[in-house]
Amino acid sequence: MADEVKARRNARLLEWPGGWRRRGVTGSSARHSTCSSTGRPRKNAGELSGRTRCNRVVNFDGQGRVSVGDLTRVRVTEVLPHSLRGTLAAHAEEAPCLSR
């Protein structure tokens, strides 16, 4: 019985940081953010990786309009444990390359 109690308590402790993190960054989803593209992600070389003004990593498809080193507007679509996923803003005028 004591092992069951330990396992249940341990599971609750391990869930707590993940739930707290999700609640803290969920407000970032479906928002537009200025992003500076810093390179390419390791898992998908066809995308760009950048940082928001809050220094969160966001991976997005530059659609050939954005290069490494550019600033642009990105719409955050998904909050992941260690990064954000996003897309360029829907209209070209909403996703200007701000560094040109």
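Quick notes on the rules
- Residues numbered from 1 in each chain as written.
- Predicted model: local features only at pLDDT ≥ 70, side-chain atom pairs only at ≥ 80, totals over all residues.
- Heavy atoms only, no water.
- Pairing = 2+ DSSP bridges.
- Helix = DSSP H or I, 4+ residues; strand = E, 2+ residues; numbered from the N terminus.
- Axes fitted to C-alpha atoms, helices over the stretch in contact; angles between N-to-C directions.
- pLDDT = per-residue confidence, 0-100.
- Contact = heavy atoms within 4.5 Å.

A. Highlighting the sheet that holds strand β5 (residues 84-88). Read around the barrel, five strands follow the order β1-β2-β3-β5-β4 and close on themselves; strand pairing throughout is mixed. Strand-to-strand twist in this sheet, taken as the mean axis angle between neighbours without regard to direction, amounts to 50°. Pairing of strand β2 (residues 48-52) with strand β3 (residues 57-61), which is carried by four bridges, proceeds in the antiparallel orientation. Each bridged residue has a counterpart across the sheet, and for Arg51 the counterpart in β3 is Val57.

B. Highlighting the confidence of the model for the chain. With 73% of its residues at a pLDDT of 70 or more, the chain has an overall mean of 75. By mean pLDDT, helix α1 (residues 2-25) is the weakest element of the chain at 70, and β3 is the strongest at 90. Scored below 50 in pLDDT, residues 92-100 shows 23 contacts in the model against residues more than four places distant or in partner chains.

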